Amino acid sequence: MIEELKNKSLTELESVKSVDSLEQWRVKYLGRKGELTSILRGIGSLPDNERRLIGSQSNSLRGLLEEQYKKIKPTLEKNLTHDSVDITLPGRTRTKGRLHPITSIIREISEAFSDMGFSIVEGNESELEHYNFDLLNIPKDHPARDQWDTIWLDRPNRDDNLLRTHTSPMQARIMENSKPPIRVIIPGKCYRYEATDATHEWHFHQIEGLVVGKNISFSDLKGTLYELARRIFGPSRKVRFRCDFFPFVEPGVDMSIDWKGEWIEILGAGMVHPKVFEGVGYDPNVYSGFAFGMGPERIAMLRYDIEDIRQFFSNDLRFLSQF
Ligand code: FA5
């Protein structure tokens, strides 16, 4: 009888193909009212000579069936997870990331300068007053400091640490650490404690440029910046140079680009001031050079016809995904 049950149950188990039918099989043989359980329950009422034999046979059959059950269950469960993927469902499209428009424009400008023989260097956003102002001929209490409203950093034991208000401190750092000829641009972020409007953010980028050598003239400055304007805006876009004041250049200019009949200023520039050269140990009678600092956000606005600079950092995907 036990042998018969063994054959039957194992044969049935072979055709079990799902977790559900395995459970039915378990209930049928090993469940509370299962066929094997009933035999085990009835052992007590058997005559002595049969009890021992049937008892040991049915116990070992129970062991065998339980073992088979445990062996087969994980395989069927794994198939279940596999089967639960409905391959007829339409696929989910993954959205692809892309470059932020400011990153793209910085790369494009950098490439234009790289083609003109400039190298590209990055600087630190946390700066010292010495580099951000003093070495740029902006002494303490000079009214020009007000032009760059500063965010000061709270540091133990020092009160001269700030978030750079422009990328110009890198001019001094580069000159301190190298010898002319120098031809370099420095893209990076700047911070100013100021109210925002359509063309002003409190954090924005600049691309600083510095060229130092012998006999570098103002026409080199103009030629370089005209070439950039042609590369970025095309040959027919109107460009305007005007006199401007920055304590670290002499003479100083700003450059604007025509935007629907208005002039939008994109950069400040000028010939490196002799005091700046002296501050970094260069002889102003031997070397001359020019520097500029441009705002890629403003350039991107002109390029893509964007009316408010604040959109760049508002993290609105409806805006960003257009680029
Ligand atoms: C400067 O920061 C000078 N360091 C530039 C310079 C470098 C002059 C080397 C001479 C020699 P200015 O504050 O004008 O200058 O800023 C330069 C450019 O940065 C601006 O023309 C503008 O394009 C951009 N910029 C300045 N302030 C903001 C702002 N709040 N938001 C967005 N862009 C700004």
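Presented here is an overview of the structure given in this document. What you see is a predicted model, and the numbers here were worked out from it, not measured in a lab. (Residues numbered from 1 in each chain as written. Predicted model: local features only at pLDDT ≥ 70, side-chain atom pairs only at ≥ 80, totals over all residues. Heavy atoms only, no water.)

Topic: the packing of aromatic side chains
One pass over the structure, following the stated rule, counts twelve aromatic pairs. Here the aromatic rings of Phe277 and Tyr282 are separated by 6.0 Å at their centres, their planes lie at 25°, and the arrangement is stacked. Each member of the pair, Phe277 as well as Tyr282, is classed as buried. Three or more aromatic residues link up through ring pairs in this structure, and these residues are Phe113, Phe118, Phe290 and Phe292. One Lys or Arg, Arg173, reaches over the ring of Tyr131 and ends 3.9 Å from the middle of that ring. (Phe/Tyr/Trp six-rings, centres within 6.5 Å; stacked < 30°, edge-to-face > 60°. Buried < 20%, exposed > 50% of the residue type's maximum accessible area, 1.4 Å probe, protein only. Lys NZ or Arg CZ within 6 Å of the ring centre and 35° of its normal.)

Thoughts on the site of the ligand
The full set close to the ligand counts 26 residues, and His166, Ser168, Glu194, Glu201 and Glu265 are the nearest of them. At a separation of 2.7 Å, a nitrogen atom of the ligand approaches a polar side-chain atom of Glu194. Within the contact set of the ligand, an oxygen atom lies 3.1 Å away from a backbone nitrogen or oxygen of Ile266. For the shell around the ligand, the element with the most residues is strand β9 (residues 262-272), which contributes five residues. Looking at the shell around the ligand, its residues break down into eleven nonpolar, nine polar and six charged. (Near = heavy atom within 4 Å. Polar contact = N/O pair within 3.5 Å; in protein donor to acceptor, adjacent residues only side chain to side chain. Helix = DSSP H or I, 4+ residues; strand = E, 2+ residues; numbered from the N terminus. Nonpolar A, V, L, I, M, F, W, Y, C, P; charged D, E, K, R; others polar.)

Thoughts on helix α7 (residues 169-177)
Within α7, the full set of buried residues consists of Pro169, Met170, Gln171, Ala172, Ile174 and Met175. Considering only its buried residues, α7 is in contact with β2 (126-128), α6 (129-132), β5 (182-191), β6 (203-213), α9 (274-279) and β10 (288-294). (Contact = heavy atoms within 4.5 Å.)

Notes on unusual backbone geometry
A cis amide bond links Pro180 with the next residue in sequence, Pro181, at an omega value of 5°. Here the residue pair Glu250 and Pro251 is connected by a cis peptide bond, since its omega of -5° sits within 30 degrees of zero. By the element assignment, Pro251 lies in strand β8 (residues 249-259). The phi dihedral of Asp141 is positive, around 70°, even though this residue is not glycine. With respect to the secondary-structure elements, Asp141 resides in the loop between α6 and β3 (151-152).

Quick look at the pattern of salt bridges
All chains considered together, the criterion is met by 16 salt bridges. Across the pair Asp160 and Arg158 runs a salt bridge, and its minimum N-O distance is 2.8 Å. Put simply, Lys260 and Glu307 hold a salt bridge, and the shortest N to O gap is 3.6 Å. With Lys260 in the loop between β8 and β9 and Glu307 in the loop between α10 (296-304) and α11 (317-320), this residue pair connects regions lying 47 residues apart in the sequence. (Salt bridge = Lys/Arg side-chain N within 4 Å of Asp/Glu carboxyl O.)

Here we look at helix α8 (residues 218-233)
In this model α8 runs 22 Å from its N-terminal to its C-terminal C-alpha over 16 residues, within 8% of the 22 Å that 1.5 Å per residue would give. Every buried residue belonging to α8 is among Leu221, Thr224, Leu225, Leu228, Ala229, Ile232 and Phe233, and all of these are buried. Projected onto a plane normal to the axis of α8, the buried residues spread over an arc of 135° and lie on a single side. In this fold, the buried residues of α8 make contact with α5 (101-115), β7 (239-244), β8, β9, β10 and α10. One or two positions beyond α8, positive phi appears at Gly234, with a value near 90°. (Expected span 1.5 Å × (residues − 1). Arc of directions from axis to C-beta.)

Some thoughts on the sheet that holds β5
Pairing is mixed across the open sheet formed by seven strands, whose spatial order is β1-β5-β6-β10-β9-β8-β7. With partners counted over all chains shown, the strands left at the sheet margins are β1 (119-120) and β7, one partner each. Looking at chain direction, β6 and β10 are connected through seven bridges and run antiparallel. Across the sheet, Ile207 pairs through a bridge with Met294, a residue of β10. Those strands touched by α7 are β5, β6 and β10, and its axis lies near 140° from that of β5. Set on the sheet, α10 makes contact with β6, β8, β9 and β10; between it and β9 the angle comes to about 145°. (Pairing = 2+ DSSP bridges. Axes fitted to C-alpha atoms, helices over the stretch in contact; angles between N-to-C directions.)

That's the geometry; what it means functionally is another story.
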